[in-house]
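Working through the structure, step by step
Here's the letter readout for the chains.
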Amino acid sequence: MKTILITGGAGFIGSHVIRRMVNLSPDTRILNLDQLTYAGNLENLKDIENLPNYQFIRGDITDTAFLEKLFGDEEIDGVIHLAAESHVDRSIADPMAFINTNIIGTVNLLNSCRRSWKDMNGKLFYHISTDEVYGSLGKDGLFTEETAYDPRSPYSASKASSDHLVRAYHHTYGLPVVLSNCSNNYGPNQFPEKLIPLAIHNILHMKPIPVYGKGENIRDWLYVEDHASAIELIFQKGVHGRTYNIGGLNEWTNIDLIRLLCQIMDERLERVPGTSEKLITFVKDRAGHDLRYAIDSTRIEKELNWKPSLTFERGLALTVDWYLKHKAWMENVTSGAYQSYYKTQYEER
Ligand code: NAD
Ligand code: DAU
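I will try to describe carefully the structure that is included in this document. From a predicted model like this one, the values you see are computed outputs, not experimental measurements.

Inspection of helix α11 (residues 327-334) places Trp 329, Met 330, Val 333 and Thr 334 among the buried residues, and these make up the whole buried set. Buried residues along α11 cover an arc of 115° about the axis, so they all sit on one side. Projecting away from the buried face of α11 at angles above 90 degrees are the exposed residues Ala 328 and Asn 332. Elements in contact with the buried residues of α11: α6 (195-204), α10 (312-325) and α12 (337-346). Once α11 ends, the next one or two residues include Gly 336, with phi positive near 65°.

Encoded structure:
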């Protein structure tokens with residue numbers, strides 16, 4: 001039986017990847033290594049926690065002694081590395097956690113693999129990364145796998161750095177690796193610091209929806225299940241040493257996205273049309289705010305026959321329905337530390 005270590009599996013994307021892999025590959029043992037920071041939540045995996053091929057391990061990837069013991073105790077055949085500090089605004093407020101987890105933590109994992117994989121045959125280190133490493137686009141153009149790196153926030157610089165290190169371990173030590181760089185994910189279980197769940201939460205409570213600057217920044221949105229399907233495919237069939245861009249061909253200005261979300265929320269909550277839009281509040285822009293991200297996913301579409309399965313309208317409606325059905329989940333994660341985070345980020349904006 002193969003054993004795959006998935007890091008960051010209690011987070012947003014990781015929990016969807018784990019659920020998919022545990023169900024699709026009953027003959028594979030899936031170990032979920034997660035520190036359970038503010039972003040990690042075992043509630044996300046309640047429905048699969050008792051499956052025989054799933055095991056949760058609490059641990060910190062910056063802790064080398066912990067990793068040494070784990071790789072000594074377990075015969076790990078592959079790693080899918082999602083653990084990270086993932087929120088741009090937090091990286092602007094306090095970059096060090098991003099340097100520690102995203103860079104040092106990744107190198108620690110690479111070292112553990114390198115040390116324990118005497119025979120590299122059948123082994124694979126899969127690094128999950130972001131389109132933000134490519135910088136910011138103007139009105140035209142798309143990021144391809146050949147686009148030069150130009151990270152512009154502490155978050156994206158830390159992810160770019162880890163991408164380079166993963167490639168360096170491949171070239172220098174022959175470690176089998178594969179990488180993917182994906183655009184903005186949305187869907188169930190996303191922590192409400194990110195735009196879409198934050199707006200859903202505020203609309204529900206009739207609180208202002210903070211839109212940075214003029215709301216003209218553009219993001220390419222992909223439903224999280226589609227990202228999870230791409231990850232599984234790349235892990236099984238991706239060419240070692242290669243990078244795959246993953247995107248939704250689905251660009252929205254933030255303001256248009258929020259207007260669509262307001263419409264869906266009004267319908268679902270049976271409010272008078274236009275009620276939620278009145279909550280839109282333009283606030284001080286994010287420092288160094290990248291204007292536009294957009295992805296050319298030709299490689300993964302052609303080589304691995306992947307494409308997004310949902311329209312944005314459908315995905316957003318599914319997302320809203322999930323949050324409305326899981327109000328207790330939302331209330332849990334927005335009590336306590338979230339309150340002071342929100343105050344610091346938004347009160348004087
Ligand atoms: P998330 O913030 O929801 O989850 C991160 C998880 O990592 C949490 O469960 C947290 O507890 C865990 N973690 C953090 N530090 C850790 C440490 N030191 N040791 C062990 N576990 C730790 O993040 P996400 O949005 O699910 O993103 C997952 C990955 O995908 C990240 O690498 C991110 O850069 C990348 N990514 C995210 C998006 C997106 O839109 N969210 C898009 C492209 C790529
Ligand atoms: O592109 C992939 C990246 O997408 C991932 O690597 C990151 O982990 C993920 O956090 C996400 O980064 P963004 O900064 O694009 O996501 P966020 O949801 O924070 O913001 C989306 C857009 O909305 C961005 O232009 C900033 C804006 N925004 C965000 C928040 C939280 C607002 O206008 N108001 C807000 O309150």
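Our next topic: the site of ligand 2. Around ligand 2 sit 24 residues in total, of which Thr 130, Asp 131, Tyr 155, Arg 286 and His 289 are the nearest. The side chain of Glu 132 places a nitrogen or oxygen atom 2.8 Å from an oxygen atom of ligand 2. In the environment of ligand 2, an oxygen atom lies 2.9 Å from a nitrogen or oxygen atom belonging to the side chain of Asn 254. Notes on ligand 2: free accessible area 680 Å², of which the protein chains cover 95%. It is strand β8 (residues 209-212) that provides the largest number of residues to the shell around ligand 2, a total of three residues. Broken down by class, the residue content of the shell around ligand 2 amounts to nine nonpolar, eight polar and seven charged.

For ligand 1, the set of nearby residues contains 28 residues, the closest of which are Ile 13, Asp 34, Ser 86, Tyr 155 and Lys 159. Between ligand 1 and Gln 35 there is a distance of 3.1 Å, counted from a nitrogen atom to a backbone nitrogen or oxygen. Coverage of ligand 1 by the protein amounts to 97% of the 830 Å² it exposes when considered alone. Each residue belonging to the shell around ligand 1 can be placed in one class, and the counts come to 12 nonpolar, 13 polar and three charged.

Strand order in the open sheet made by the seven strands is β3-β2-β1-β4-β5-β6-β10, with parallel pairing throughout. Two strands close off the open sheet at either side, each with one partner strand: β3 (54-58) and β10 (243-246). Neighbour to neighbour, the strand axes of the sheet diverge by 20° on average, direction disregarded. Bridging between strand β6 (residues 177-182) and β10 involves four bridges; their strand directions are parallel. By the bridge assignment for β10, Ser 180 is matched with Tyr 244. Contacting β1 (2-7), β4 (78-81) and β5 (124-130), helix α4 (residues 96-116) crosses the sheet at an angle of about 165° to β5.

Here helix α7 (residues 224-237) is 14 residues long and its end C-alpha atoms lie 20 Å apart, about the 20 Å a rise of 1.5 Å per residue gives. Most of α7 is tucked away, with 11 of its 14 residues classed as buried. Inspection of α7 places Val 224, Asp 226, His 227, Ala 228, Ser 229, Ala 230, Ile 231, Glu 232, Leu 233, Ile 234 and Phe 235 among the buried residues, and these make up the whole buried set.

Glancing now at the nonpolar core. Formed by 38 residues in total, the largest nonpolar core has its most connected members in Ile 196, Ile 209, Ile 258, Leu 261, Met 265, Phe 312 and Leu 316. Only α6, β8, β9 (218-223), α8 (254-268), β12 (280-283), α10, α11 and α12 provide two or more residues apiece to this core. Per-element accounting of this core gives the leading share, eight residues, to α8. Beyond its immediate sequence surroundings of up to four residues, Ile 209 is in contact with Ala 199, Asn 202, Ile 203, Ile 258, Cys 262, Ser 276, Leu 279, Ile 280 and Thr 281. Of all hydrophobic cores here, the second largest spans 32 residues; its members include Ile 6, Ile 18, Cys 182 and Leu 304.

Rules of the game
- Residues numbered from 1 in each chain as written.
- Chains lettered and ligands numbered in written order.
- Predicted model: local features only at pLDDT ≥ 70, side-chain atom pairs only at ≥ 80, totals over all residues.
- Heavy atoms only, no water.
- Buried < 20%, exposed > 50% of the residue type's maximum accessible area, 1.4 Å probe, protein only.
- Helix = DSSP H or I, 4+ residues; strand = E, 2+ residues; numbered from the N terminus.
- Arc of directions from axis to C-beta.
- Contact = heavy atoms within 4.5 Å.
- Near = heavy atom within 4 Å.
- Polar contact = N/O pair within 3.5 Å; in protein donor to acceptor, adjacent residues only side chain to side chain.
- Areas by Shrake-Rupley, 256 points an atom, 1.4 Å probe, with all protein chains shown as cover.
- Nonpolar A, V, L, I, M, F, W, Y, C, P; charged D, E, K, R; others polar.
- Pairing = 2+ DSSP bridges.
- Axes fitted to C-alpha atoms, helices over the stretch in contact; angles between N-to-C directions.
- Expected span 1.5 Å × (residues − 1).
- Core = buried A, V, L, I, M, F, W, Y, C linked by side-chain atoms within 4.5 Å.

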